[in-house]
Amino acid sequence: MPTASNVRAERFWPAVPELVWDSIREEFTLPTAADLEAHFQALGEPEAMRRAVRVFIGEGTFCPGFQLNDGLFREPVLDLFQHAMALKVPHNVFAAWMVSPLPGGAVSQHRPVDQLSNLSLLQDALSAFVDRYQPVENRR
């Protein structure tokens, strides 16, 4: 639950800087949604795309490569994404959160994408992120 000391007054989530997309593209790839859909069609799993993390950059729709391992979805990423959707975190904000260092504690300086074996910690960290940064009009 937000407290007076951490409630922010923004009306909207902040835009994700282009630098974040460049970083994801360089480290993990950032294929178009159409390319990823064709990939799963070729695997005979067209329904897989329903669960994909999508981001919206300019006029395009892309799928961060951090959700894939050897061409298949990484379940912990998809589970976190579902948690983010329940918390009303926009797709782009979720993707940026995944590659940003977690604040404080034993996991400080580790990114969610690097901590996927500890899903409960990441779900708690995502909830804390939302409590701190969610725009006032979207508060749960």
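The notes below deal with the structure included here. (Residues numbered from 1 in each chain as written. Predicted model: local features only at pLDDT ≥ 70, side-chain atom pairs only at ≥ 80, totals over all residues. Heavy atoms only, no water.)

**Focus on the packing of aromatic side chains**
Let me state the cut-off plainly: We call Phe, Tyr and Trp rings a pair once their centres come within 6.5 Å, taking the six-membered ring for Trp, and we label the pair stacked below 30 degrees between planes, edge-to-face above 60, and tilted otherwise. Helix and strand definitions here come from DSSP, where helices need a minimum of 4 consecutive H or I residues and strands a minimum of 2 consecutive E residues; each element is numbered from the N-terminal end.
Across all of its chains, the model carries 7 aromatic pairs by this definition. Taken together, a centroid distance of 6.5 Å and an interplanar angle of 45° make the contact between W97 and F129 tilted. You can see W97 sitting in helix α4 (residues 91–98) and its partner F129 sitting in helix α5 (residues 119–133), a full 32 residues away along the chain. Ring pairs connect the aromatic residues W13, F81, F94, W97, F129 and Y133, which therefore count as one cluster.

**A word on unusual backbone geometry**
Put simply, the rule reads: Each residue gets one of three labels from its accessible area relative to the maximum for its type: buried under 20%, exposed over 50%, partly exposed in between, using a 1.4 Å probe on protein chains only.
Although it is not a glycine, T29 sits at a positive phi angle of roughly 85°. Note that T29 resides in the loop between α1 (18–27) and α2 (33–42). Despite not being glycine, K88 shows a phi value in the positive range, around 65°. As for its position among the elements, K88 is in the loop between α3 (75–86) and α4. Judged by relative accessible area, which is 58%, K88 ranks as exposed.

**Details of the packing of α3 against α4**
Under the convention used in this document: Fitted lines through C-alpha atoms serve as axes, helices being fitted only where they are in contact, and the angles separating the N-to-C directions of these axes extend from 0 to 180 degrees. Any angle between 65 and 115 degrees counts as roughly perpendicular, while under 35 counts as roughly parallel, over 145 as roughly antiparallel, and the rest as oblique. Less than a right angle of anticlockwise turn of the near helix away from the far helix marks a crossing as left-handed, whereas a clockwise turn marks it as right-handed. Here a residue-residue contact requires only that any non-hydrogen atoms of the pair lie within 4.5 Å. For this scheme, ten residues count as nonpolar: Ala, Val, Leu, Ile, Met, Phe, Trp, Tyr, Cys and Pro. Four count as charged, namely Asp, Glu, Lys and Arg, and the remainder, Gly too, count as polar.
Packing of α3 against α4 leaves a shortest axis separation of 10 Å and a crossing angle of 135°. Put simply, α3 runs oblique to α4. Considering how the two elements wind past one another, α3 and α4 form a crossing that is right-handed. Between α3 and α4, the contacting residues are V77, L80, F81, A84 and M85 on the first element and H91, F94, W97 and M98 on the second. Residue composition of the contact of α3 with α4, grouped by class: 8 nonpolar, 1 polar and no charged.

**Some points on the nonpolar core**
Note the cut-off: Take the buried residues of types Ala, Val, Leu, Ile, Met, Phe, Trp, Tyr and Cys, join any two whose side-chain atoms come within 4.5 Å, and each joined set is a nonpolar core.
Formed by 40 residues in total, the largest nonpolar core has its most connected members in W21, F66, F94, W97 and M98. For this core, the elements supplying multiple residues, two or more each, are α1, α2, β1 (55–57), α3, α4 and α5. With 6 residues, α4 is the largest single contributor of residues to this core. If sequence neighbours within four positions are ignored, F94 has contacts with V53, V77, L80, F81, A84, V89 and L126.

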